[in-house]
Amino acid sequence: MSLERTLMNSANLPQKVKLVEVGPRDGLQNEKDLVPLEVKVDLINRLSKAGFPNIEAAAFVSPKWTPQMADSEQVMSHIQRYSGTIYSALVPNIKGYERALESKVDEVVIFSAASQAFAMKNINCSIEESFERFKPIAYAAKKDKLRLRGSVSCAFGCPYQGRVSAEEAATVVKYMMDLGCDEVDIADTIGVATAGQVKETFETIFKFAPAAMFSGHFHDTYGQSLANIYAALQTGVSIFHSSIAGLGGCPYAKGATGNVATEDVLYLLNGLGIETGINLDEIVPIGEFISKAIGKTNGSRVGKALVSKHC
Ligand code: HMG
Ligand code: MG
């Protein structure tokens, strides 16, 4: 997506949205039982075939901190790459970057937080220290011609600090921009934001970069994720993260439920006439597949409704 102002439709919403499927990473990372490699690979291959332009496939984090992601090298080497898909991976430090480079990812994702307490719990350092660690990653990513994405966790609320102000989120966005990020995710890690706060935060961070550079990453803990996506669309945001079957949860954000379900977001966007390039009927079986494979109830309301309609 270009940096120019996104084309808007008649309701003053973007005409096109890029959906970033985060199920294989954000969705699975919190699963207690190790998900077999072949299930992870099958999931990513099905998502690629369905035409997702960007899939968060792996996390080169410490296996002691997030054991579920320890097989990220194997995942990346076994998946089938589709030319239209960007395969992304989280990297917390230069060691993670080197693993990601070796695994030939298309995009590395550096991740910090808008709250000091969450940064300490999640990456064991302060916000400022995290950006010292990211400097060599940003330099290397530019040199190696990899896309660089930044993720700002707890941009609206934190399980330890409480409410997070728009200015606190904006401070971290500014750090990400200074490092040369191509895209920055504004994440409601614990799913507490409401539509008014979403509007205020996005309008505050647009001081640093155009709307086309930001994505909305919402969780559905308080059932607000679709309302929040609609509010973000109204501000001009045109990239959203979602997780097939609503998989997800963060190990360092107790009580937070899954990411907003991809099927639910697609149903909303289809209803608004917004193009994504993804066919809802084709992805519903993927949600069913992964839910059964990990022994979970499908967390997408749209997915469940469409499955029962066809039974
Ligand atoms: P630390 O313990 O302070 O790091 O962790 P360290 O440098 O002291 O290293 C400790 C050990 O880990 C060493 O091994 C290192 O070699 C190893 P030992 O000598 O003890 O055998 N190590 C690594 N191994 C493999 N790959 C690496 C790596 N780095 C160190 N990259 C660290 C600091 C940042 C590494 C750790 O805190 C970490 O990995 N944190 C990530 C936790 C995580 O995965 N969180 C979930 C993702 S973030 C998220 O979900 C939010 C987001 O989705 C947005 C949203 O949903 O809202 C992005
Ligand atoms: Mg998430």
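I will try to describe carefully the structure that is included in this document. Here the structure is a predicted model, which means the values were calculated and not measured.

Observations regarding the coordination of the magnesium ion (ligand 2)
Stage number 1. Looking at the magnesium ion (ligand 2), the protein donor atoms are Asp26 (OD), His217 (NE2) and His219 (NE2), and they sit 1.8 to 2.1 Å from it.
Stage number 2. Read from N- to C-terminus, the donor residues coordinating the magnesium ion (ligand 2) fall into the pattern D-x190-H-x1-H. Of this pair, Asp26 sits in helix α1 (residues 23-27) while His219 is found in the loop between β9 (214-218) and α9 (225-235), placing the two residues 193 residues apart along the sequence.

Looking at helix α12 (residues 301-310)
Stage number 1. Regarding α12, the residues found buried are Val302, Gly303 and Leu306. The arc enclosing the buried residues of α12, seen along the axis, measures out at 100°, which places them on a common side.
Stage number 2. Packed against the buried residues of α12 are α10 (262-271) and α11 (280-293).

Looking at the pairing of strand β10 (residues 239-242)
Stage number 1. Of the two faces of β10, both are covered, the one formed by Ile239 and His241 as well as the one formed by Phe240 and Ser242.
Stage number 2. Note: strand β1 (residues 18-21) against β10, four bridges, orientation parallel. Along β10, the bridge assignment pairs Val20 with His241.
Stage number 3. Looking at chain direction, β9 and β10 are connected through two bridges and run parallel. From the neighbouring strand, His217 faces β10, where its bridge partner is His241.

Some thoughts on the state of the cysteines
Stage number 1. Here the structure, examined in full by the defined rule, presents zero disulfides.
Stage number 2. In this structure Cys154 is not part of a disulfide, and its nearest cysteine sulfur, from Cys158, lies 4.7 Å away.
Stage number 3. Cys125 supplies the cysteine sulfur nearest to Cys181, a cysteine that is in no disulfide, at a spacing of 15 Å.

Remarks on the packing of aromatic side chains
Stage number 1. Counting across every chain of the model gives five aromatic pairs.
Stage number 2. With a centroid separation of 5.2 Å and an interplanar angle of 85°, the aromatic rings of Phe131 and Phe134 are classed as edge-to-face. A residue pair is termed a helical-turn pair when its members lie 3 or 4 positions apart in one helix, as Phe131 and Phe134 do in helix α6 (residues 127-143) at three residues. You'll find Phe131 and Phe134 in the same group, each marked buried.
Stage number 3. Its guanidinium or amino end placed over the ring of Phe289, Arg46 lies 3.8 Å from that ring's centre, counting from NZ or CZ.
Stage number 4. Over the face of the ring belonging to Tyr87 we find Arg81, whose NZ or CZ atom lies 5.7 Å from the ring centre.

The rules behind each value
- Residues numbered from 1 in each chain as written.
- Chains lettered and ligands numbered in written order.
- Predicted model: local features only at pLDDT ≥ 70, side-chain atom pairs only at ≥ 80, totals over all residues.
- Heavy atoms only, no water.
- Donors = N, O, S within 2.8 Å, 3.2 Å for Na, K, Ca; no water.
- Helix = DSSP H or I, 4+ residues; strand = E, 2+ residues; numbered from the N terminus.
- Buried < 20%, exposed > 50% of the residue type's maximum accessible area, 1.4 Å probe, protein only.
- Arc of directions from axis to C-beta.
- Contact = heavy atoms within 4.5 Å.
- Pairing = 2+ DSSP bridges.
- Disulfide = S-S within 2.5 Å.
- Phe/Tyr/Trp six-rings, centres within 6.5 Å; stacked < 30°, edge-to-face > 60°.
- Lys NZ or Arg CZ within 6 Å of the ring centre and 35° of its normal.

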